[in-house]
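# Architecture at a glance
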Amino acid sequence: TFFMLPLTEQQIRSSFINASLRERKSLTLPSNFDELSWESLDFLGWRDEKLPLIGYVVTFLDGEPVGIIFRKAEGKTRSRPQCSWCEDINLPNDVTFFNARQAGPAGRNGDTISTLVCEKFECSVNVRTPQSLPYVGFDREAAIAHRIQVLQDHVQNFTQRVRDGEK
């Protein structure tokens, strides 16, 4: 388990592995960037206020910040999906199908990886929200720690797949 280290605007812009220079320069940082509580984030994720179909995620991989640009997929799901990152069963928010262009030559050839993620990347909040007690003696803190670890593993694995061009 780890937590996000504070990043500067320049570190964030230069971290994106599946973005052009123009996309990096034009991205809009989260409106609350200066007030972020970095220690409660497993990754930094936000939607672009100027481009409603675009989302951004920055995490750490091998000790370095790595950013991914997401594009909201067209269409709707038939039933309410579960986020594949936080796996929150209470679904306090909408979940969206996102595509991410792969890094390097694969991405330039149009290869993408898709995933279902909380629409505004609220996963870090969701995994820290205490669940109802399923039985007497349930260790709520251990359950939260486990959910945080699972979220971090999912984000790391997805980021690695985008970076490495694996399917």
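For clarity, every value in this text was computed on a predicted model and none was experimentally measured.

Along the chain, V127 falls in helix 4 (residues 123-128). A relative accessible area of 0% means that V127 is categorised as buried. C-alpha of V127 to C-alpha of R13: the two residues are 114 residues apart in sequence and 27 Å apart in space.

To continue, consider the pairing of strand 3 (residues 64-72). Here strand 2 (residues 54-61) pairs with strand 3 via eight bridges, running antiparallel. Counted as the bridge partner of I54 is R71 from strand 3. Turn length for the strand 2-strand 3 hairpin, with the two strands adjacent in sequence and antiparallel, is two residues, and the turn residue D62 shows positive phi of about 55 degrees. With three bridges connecting them, strand 3 and strand 4 (residues 95-101) associate as antiparallel partners.

This paragraph deals with the packing of aromatic side chains. Each aromatic ring pair is characterised by the separation of its centres together with the angle its planes make. On inspection of all chains with the given rule, the structure shows eleven aromatic pairs. An angle of 75 degrees between the planes, with centres 6.0 Å apart, marks the rings of F70 and W85 as edge-to-face. Pair noted here: F70 is in strand 3 and W85 is in the loop between strand 3 and strand 4, with a separation of 15 residues, a long-range link. Classification of W85 as buried rests on a relative accessible area of 2%. Measuring from ring centre to ring centre gives 5.7 Å for F70 and F98, while their planes differ by 70 degrees; the resulting arrangement is edge-to-face.

Okay, the side chain of D88 next. Assignment of secondary structure puts D88 in the loop between strand 3 and strand 4. Since its relative accessible area comes to 5%, D88 is described here as buried. Here the side chain of D88 touches N90 through a polar contact of 2.7 Å, landing on its backbone nitrogen.

Now for the nonpolar core. In terms of nonpolar packing, the biggest core is built from 22 residues, with F43, F70, C83, W85, C123, L151 and F158 touching the most fellow members. Elements with a contribution of two residues or more to this core: strand 3, strand 4, strand 5 (112-118), helix 4 and helix 5 (140-164). Aside from chain neighbours lying at most four places away, what touches C83 is V95, L116, V117, C118 and C123. Within the second largest apolar cluster, 18 residues are counted, among which are L29, F33, W38 and Y56.

With that out of the way, let us pick up the side chain of R13. Assignment of secondary structure puts R13 in helix 1 (residues 9-15). What makes R13 buried here is its relative accessible area of 17%. A polar side-chain atom of R13 sits 2.8 Å from the main-chain carbonyl oxygen of R24. Discounting chain neighbours no more than four positions away, the residues touching R13 are R24, K25, S26 and L27.

Time to look at the environment of V125. Along the polypeptide, V125 turns up in helix 4. With relative accessibility at 56%, the residue V125 sits in the exposed group. Taking the C-alpha atoms as reference points, V125 and L41, 84 residues apart in sequence, are found 8.0 Å from one another.

Moving on, we get to the pairing of strand 4. As judged from the seven bridges shared by strand 4 and strand 5, these two strands associate in the antiparallel manner. Among the inter-strand pairings, F97 is bridged to a residue of strand 5, identified as L116.

Applying the stated rule across the entire model yields seven salt bridges. Measuring nitrogen to oxygen at the nearest pair gives 3.2 Å for the salt bridge that ties R163 to D164. Residue classification places D164 among the partly exposed positions, given a relative accessible area of 35%. Through salt bridges with shared partners, a single network forms among D62, R163 and D164.

Each value, and the rule that gives it
By convention here, each chain's residues receive numbers from 1 onward along its written sequence. In keeping with the predicted nature of the model, local features appear solely for residues at pLDDT of at least 70, side-chain atom pairs appear and are counted solely at 80 or more, and the whole-chain, interface and lining totals rest on all residues. As a convention, hydrogens and water are excluded, and side-chain values are obtained from all of the structure's heavy atoms. Numbering of helices and strands runs from the N terminus; a helix is a DSSP stretch of H or I covering at least four residues, while a strand is a stretch of E covering at least two. Classification of residues uses two cut-offs on accessible area relative to the type maximum, computed with a 1.4 Å probe and protein chains only: under 20% is buried, over 50% is exposed, and between them is partly exposed. Whether two strands pair comes down to DSSP finding at least two bridges between them. Centres within 6.5 Å make a pair out of two Phe, Tyr or Trp rings, where for Trp the six-membered ring is used; the pair is then stacked when the planes are under 30 degrees apart, edge-to-face when over 60, and tilted otherwise. Think of a polar contact as two N or O atoms within 3.5 Å of one another; within protein, one of them needs to be a possible hydrogen donor and the other a possible acceptor, and neighboring residues in sequence only count if both atoms come from side chains. Note on terminology: a nonpolar core comprises buried Ala, Val, Leu, Ile, Met, Phe, Trp, Tyr and Cys residues joined through side-chain atoms within 4.5 Å. When checking whether two residues touch, look at their non-hydrogen atoms; a contact exists if any pair is within 4.5 Å. Here a salt bridge means any side-chain nitrogen of Lys or Arg lying within 4 Å of a carboxyl oxygen belonging to Asp or Glu.

Geometric values such as these leave the question of function open.
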